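Single-letter residue listing:
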Amino acid sequence: MDIAILSDEISLDLTEALALGKDMGFTKYEIRCADDYGHRVPDLKAPRLDELRRAVLDKAIEITGLSPGLFKVPLENRIQIEKDLTDLLPRTCDLCLALACPRIIVFSGIQTAEGSREAAMELLHKAGEVVGKAGLELAVENEPGFYCDTGVNTAAFIRELNLPHVGINWDPANAIIAGEAAYPVGYDAALPLIRNVHVKDSIPLPPDKWENRLLGDGGVNWLGQIRSLLRDRPVSHITLETHVFPVLPNTREDLRRLQWLIASAAGFFGNPSAL
């Protein structure tokens, strides 16, 4: 199983991220932010876009997903929702095609008293149609506080949406914070619909906070989860999303732990080739 990484979990300097990533053995990248957290795909600076295009054209890297952060607001924020749907999403599709990237990762809207699951469903259906026309995949990430939060709820939502090119960006750490036993309960529900997997760890801090941790220091049963990913093979790669600062040393440590987890999980099956 290959390990991809979000480039900004190495460095916001894209040149540095790709150079250090190469040294760490990465060839697959998900792209989110570059230069600073205010520049997120598709609105990266022109030199960064050119750098990505050259690296893809030279076959130095593979882009596994783009994460523009769409629909990460309450649905009643109509101005931002409209911009996300009619401006940022089409431009992200164009960038995907330019980078030979197969999928876009989005969210499902923050739950509020003024919003509704039906409105979120209508929005994601429209987004799915835009992405489908471009011949791409849409992966909806489960996130606490959103209409798609746990694995069980996200799977039910995506099944009801019923678009073949729309699936789940499975994030077990987010499911833990949403109050679910992410593995195995959330994973078992999400499994048939998983298109992408984010690897990080988190721990709830009651009553209403949480903290991201290094792999093994949070609430996710990552050894069990990776064993099942190796067995079920819903994806060919998993994407490291450290989310612990400072990112570079913590990403190095998370990568070490993840490689150990994969090797241990593969050994459980008596099949080192599963790596």
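This text follows the structure it describes.
My aim in this report is to walk through the structure given alongside it, one point at a time. (Residues numbered from 1 in each chain as written. Predicted model: local features only at pLDDT ≥ 70, side-chain atom pairs only at ≥ 80, totals over all residues. Heavy atoms only, no water.)

1. Remarks on the nonpolar core
Ranked by size, the top nonpolar core spans 83 residues in total, and within it Y29, I63, L66, I104, W170, I238 and L258 carry the most contacts. The element that contributes the greatest number of residues to this core is helix α3 (residues 78-98), accounting for seven residues. (Core = buried A, V, L, I, M, F, W, Y, C linked by side-chain atoms within 4.5 Å. Buried < 20%, exposed > 50% of the residue type's maximum accessible area, 1.4 Å probe, protein only. Helix = DSSP H or I, 4+ residues; strand = E, 2+ residues; numbered from the N terminus.)

2. A closer look at the packing of aromatic side chains
With the rule as written, the count across this model stands at three aromatic pairs. Here F107 and F146 contribute two aromatic rings whose centre-to-centre distance is 5.8 Å and whose plane-to-plane angle is 50°, an arrangement assigned as tilted. Here F146 lies in the loop between β7 (137-141) and α5 (151-161) and F107 lies in the loop between β6 (103-106) and α4 (117-133), a separation of 39 residues in the sequence. The two residues F107 and F146 agree in class, both being buried. (Phe/Tyr/Trp six-rings, centres within 6.5 Å; stacked < 30°, edge-to-face > 60°.)

3. What about the side chain of R32?
Here R32 shows up in the loop between β2 (28-31) and β3 (33-34). A residue is classified by how much of its surface remains accessible, and R32, at 9% relative accessible area, is buried. Polar contacts involving the side chain of R32 include one to the side chain of D8, which spans 2.6 Å. Here the side chain of R32 touches E241 through a polar contact of 3.0 Å, side chain to side chain. (Polar contact = N/O pair within 3.5 Å; in protein donor to acceptor, adjacent residues only side chain to side chain.)

4. With respect to helix α8 (residues 222-232)
For α8, every residue scored as buried is listed here: W222, G224, Q225, I226, S228, L229 and L230. The first or second residue beyond α8 is R233, which carries a positive phi of 55°.

5. Thoughts on the packing of α5 against helix α7 (residues 182-190)
Contact pair α5 / α7: the axes reach a minimum separation of 7 Å and the direction vectors enclose 10°. Between α5 and α7, the crossing angle belongs to the class labelled roughly parallel. Listed contacts from α7 to G151, V152, A155 and R159 of α5 are V185, G186, A189 and A190. By residue class, the composition of the contact of α5 with α7 is five nonpolar, two polar and one charged. (Axes fitted to C-alpha atoms, helices over the stretch in contact; angles between N-to-C directions. Parallel < 35°, antiparallel > 145°, perpendicular 65-115°, else oblique. Contact = heavy atoms within 4.5 Å. Nonpolar A, V, L, I, M, F, W, Y, C, P; charged D, E, K, R; others polar.)

6. Remarks on the pattern of salt bridges
Tallied over the full model, the rule gives 19 salt bridges. Here E122 ties to K126 by a salt bridge, and the two come within 3.5 Å at their closest N and O atoms. Of the two residues, E122 and K126 are both situated in helix α4; the distance of four residues between them amounts to about one turn of the helix. Classification of E122 by relative accessible area gives partly exposed; the value is 48%. K126 sits in the partly exposed class, given a relative accessible area of 40%. One salt bridge connects R257 with D217, and the closest N-O pair in it is separated by 3.2 Å. Of this pair, R257 sits in helix α9 (residues 247-268) while D217 sits in the loop between β11 (209-213) and α8, and the two are 40 residues apart along the sequence. One salt-bridge network, held together by shared partners, links D8, E9, R32, D171, K200 and E241. (Salt bridge = Lys/Arg side-chain N within 4 Å of Asp/Glu carboxyl O.)

7. Quick look at the state of the cysteines
Within this structure, the stated rule accounts for zero disulfides. No disulfide involves C33; its sulfur sits 15 Å from that of C101, the nearest cysteine. In this structure C101 is not part of a disulfide, and its nearest cysteine sulfur, from C96, lies 3.6 Å away. The exposure class of C101 is buried, given its relative accessible area of 3%. (Disulfide = S-S within 2.5 Å.)

8. Some thoughts on the environment of R213
Mapped onto the elements of the fold, R213 is located in strand β11. As a C-alpha pair, R213 and P68 span 145 residues in sequence and 24 Å in three-dimensional space. Non-local contacts of R213, meaning those with residues more than four positions away in its chain, are made with D201, S202, I203, G218 and V244. A distance of 2.7 Å separates polar atoms of two side chains, one belonging to R213 and the other to E211.

9. Details of the side chain of H198
Locating H198 in the fold gives a position in strand β9 (residues 194-199). Residue class for H198 comes out buried when judged on its relative accessible area of 1%. In this structure the side chain of H198 is engaged in a polar contact, spanning 3.0 Å, whose partner is the side chain of E30. In this structure the side chain of H198 is engaged in a polar contact, spanning 3.3 Å, whose partner is the side chain of E241.

10. Description of α3
For α3, spanning 21 residues, the distance from its first C-alpha to its last is 29 Å, which sits close to the expected 30 Å at 1.5 Å a residue. I81, D84, L85, L88, L89, T92, C93, L95 and C96 are the residues of α3 that are buried. Those residues of α3 hidden inside the fold are in contact with α2 (46-57), β5 (62-66), β6 and α4. Just past α3, the residue A100 takes up positive phi, approximately 55°. (Expected span 1.5 Å × (residues − 1).)

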